[in-house]
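Here's the letter readout for the chains.
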Amino acid sequence: MGGAPHDDVNWMGREPRPSLDLRTDQPHSARVYDVLLGGKTNYPADRRAVADLLASMPIARRTALENRAFMHRAVGYLAGEEGVRQFLDIGTGIPTEPNLHQVAQGADPTVRVVYADNDPIVLAHSRALHQGTPEGRTDYVHGDLCEPEAILAEARKTLDFSRPIAVTLLTVLHWLPAHADAYEIVRTLMDAVPAGSALVITHVTRDHEDSAVGAAAEGLNAQGSHVTPRSRDEVARFFDGLELAAPGLELVERWRTDARPDAPVGLPAGPSQPAEAEDIVPLYVAVGRKPA
Ligand SMILES: C[S@@+](CC[C@H](N)C(=O)[O-])C[C@H]1O[C@@H](n2cnc3c(N)ncnc32)[C@H](O)[C@@H]1O
């Protein structure tokens, strides 16, 4: 596993290049998520964290799978129905097929995608995020969402900021450290893109499952993470000034689940967690468009 950083990866102009210290003794969000998706890019510490997580929040695995399925629907909608040709995906995660560029370029092979993540393990595996269509383009930036201007500067090398761009922030905003102003970061990103651009967010909430999500967040935070579940109103604030695409800000299982039956919306492979029918997957999702 692992692998060397690649020469074709953007470094946000900082020297020295980031070292590839994977800290395999501690759970990392990208690898924990990989365990939940049934991936192989993880270590015992990550698997122990998932065992603890599932003990306190059994719906966590289904939440990860639903998050992924939403990405397929939302990207299929934007690239296939709305004609958006450019995507900036921040907090990409360890590559899991189909990746965002595969969904988008499946709708239109000319789509350009820039991925960004701050985890060295994603960097180590970013080769898979460069395998786009010859007509389109995919690039990877090793960057931190807490420094949006630096990511934007690198993204400008691949994306045309005079044309609409979909900014996708999928299960990443609730991982931001305490010092980060998540609203200011999103505003900076959306101020940089033109009218017609889109903001796509998935965000964990404790609105419906207070004890389970709260306990899970506390467990992860005790292991060194900083997880901030947000309420519906708090997630809605990210979309201030944008026009929400139907059906608006919704729980993940209520967002266009009947749309585009031809789209690649199948759940990725991975062991599924039995869940009661009445369980609510605690994830808010929405697509907003920047008006003219
Ligand atoms: C739960 S995974 C989500 C992966 C993917 N977006 C998805 O929804 O399938 C969260 C990802 O966000 C990344 N991440 C967390 N904080 C970040 C930050 N400040 N800047 C960039 N990436 C970050 C983690 O490294 C991890 O890969």
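A. A look at the site of the ligand. Among the 19 residues in the neighbourhood of the ligand, the closest are listed as Tyr33, Asn67, Arg68, Gly91 and Asp117. At 3.3 Å, a side-chain N or O of Asn118 approaches a nitrogen atom of the ligand. Between the ligand and the protein, one listed contact pairs an oxygen atom with a side-chain N or O atom of Thr171 at 3.2 Å. Burial of the ligand by the protein chains amounts to 95% of its free accessible area of 600 Å². Top element by residues in the shell around the ligand is helix H1 (residues 29-36). It accounts for three residues. For the shell around the ligand, the residue count by class is seven nonpolar, eight polar and four charged.

B. Expanded view of helix H6 (residues 148-155). Within H6, the full set of buried residues consists of Pro148, Ile151, Leu152, Glu154 and Ala155. Each buried residue of H6 sits inside an arc of 165° when the element is viewed along its axis, so together they form one side.

C. Expanded view of the nonpolar core. Leu53, Met57, Phe70, Leu78, Phe87 and Val287 are the most contacted members of the largest nonpolar core, which totals 56 residues. It is helix H3 (residues 60-81) that provides the largest number of residues to this core, a total of ten residues. Leu78 has contacts with Gly83, Val84, Phe87, Ala166, Ala198, Val200, Val287 and Arg289, leaving out every residue within four places of it along the chain. Counting residues in each nonpolar core, the second largest holds 36 residues, with Leu88, Ile90, Ala192 and Ala286 among its members.

Rules and cut-offs
- Residues numbered from 1 in each chain as written.
- Predicted model: local features only at pLDDT ≥ 70, side-chain atom pairs only at ≥ 80, totals over all residues.
- Heavy atoms only, no water.
- Near = heavy atom within 4 Å.
- Polar contact = N/O pair within 3.5 Å; in protein donor to acceptor, adjacent residues only side chain to side chain.
- Areas by Shrake-Rupley, 256 points an atom, 1.4 Å probe, with all protein chains shown as cover.
- Helix = DSSP H or I, 4+ residues; strand = E, 2+ residues; numbered from the N terminus.
- Nonpolar A, V, L, I, M, F, W, Y, C, P; charged D, E, K, R; others polar.
- Buried < 20%, exposed > 50% of the residue type's maximum accessible area, 1.4 Å probe, protein only.
- Arc of directions from axis to C-beta.
- Core = buried A, V, L, I, M, F, W, Y, C linked by side-chain atoms within 4.5 Å.
- Contact = heavy atoms within 4.5 Å.

These figures capture arrangement, not role.
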